[in-house]
Amino acid sequence: MSSVEAINTYRAILKACNRLFKGDEFRRVAAWTEVRRQYEEARNLTDPAAIAERLVIGKDVNTMLRKNVVQGTPSEKDPERYTLHIHEETELGDNEDIMKNSKRPTTNLSGTARCCSS
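No experiment lies behind these values; they were computed from the predicted model shown.

Caption draft 1: Expanded view of the overall build of the chain. Tallying secondary structure elements over the chain gives four helices and two strands in all. In the chain, the succession of α and β elements from N to C terminus is α-α-α-β-β-α. In the chain, buried positions account for 21% of the 118 residues. Within the chain, contacts between residues separated by at least 24 positions form 44% of all contacts whose residues are at least 6 apart in sequence. About 9,200 Å² of surface is accessible on the chain, with carbon and sulfur atoms providing 55% of the total.

Caption draft 2: A look at the packing of helix H1 (residues 4-20) against helix H3 (residues 48-67). Contact geometry of H1 with H3 gives a least axis separation of 9 Å together with a crossing angle of 20°. When the interaxial angle is binned, H1 and H3 end up roughly parallel. Crossing angle aside, the handedness with which H1 passes H3 is left-handed. Two secondary-structure elements touch here, H1 through Glu 5, Ala 6, Thr 9, Ala 12, Ile 13, Ala 16, Cys 17 and Leu 20 and H3 through Leu 55, Gly 58, Lys 59, Val 61, Asn 62, Leu 65 and Arg 66. Tallied by class, residues from the contact of H1 with H3 come to nine nonpolar, three polar and three charged.

Caption draft 3: The arrangement of H3 in detail. With 20 residues, H3 extends 28 Å from end C-alpha to end C-alpha; this agrees with the ideal 28 Å at 1.5 Å per step. Considered for burial, the residues of H3 that qualify are Ala 50, Leu 55, Gly 58, Asn 62 and Leu 65. Here the buried residues of H3 occupy an arc of 140° about the axis, which is enough to place them on one side.

The rules we used
Residues numbered from 1 in each chain as written. Predicted model: local features only at pLDDT ≥ 70, side-chain atom pairs only at ≥ 80, totals over all residues. Heavy atoms only, no water. Helix = DSSP H or I, 4+ residues; strand = E, 2+ residues; numbered from the N terminus. Buried < 20%, exposed > 50% of the residue type's maximum accessible area, 1.4 Å probe, protein only. Contact = heavy atoms within 4.5 Å. Areas by Shrake-Rupley, 256 points an atom, 1.4 Å probe, with all protein chains shown as cover. Axes fitted to C-alpha atoms, helices over the stretch in contact; angles between N-to-C directions. Parallel < 35°, antiparallel > 145°, perpendicular 65-115°, else oblique. Left-handed = near helix turned anticlockwise from the far one by under 90°. Nonpolar A, V, L, I, M, F, W, Y, C, P; charged D, E, K, R; others polar. Expected span 1.5 Å × (residues − 1). Arc of directions from axis to C-beta.

In structure tokens, the structure reads:
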């Protein structure tokens with residue numbers, strides 16, 4: 001993969017990893033390493049369909065990292081609680097939207113069905 005689009009997607013993912021793992025060098029390096037491994041694996045692809053599929057996956061990963069993944073760190077006051085590092089691109093929604101669009105019944109941890117408000 002050597003197209004401009006692939007390189008731009010690669011850079012966008014690395015930038016998203018930098019933002020997501022700011023201050024957490026271990027996880028940032030691990031993410032960068034995995035992104036690099038995936039792109040090196042696809043570097044010599046010649047099939048246009050396979051290249052297009054990888055580009056779609058890369059763009060989806062970038063969007064997911066930017067909008068749907070946050071990092072949490074243990075609270076200084078209470079290590080049982082976490083502080084989430086939310087930024088301006090993080091999608092914030094409420095569970096009502098999820099419940100309305102769910103086609104399966106909500107279950108508790110024991111696997112028994114329960115009402116959405118319980």
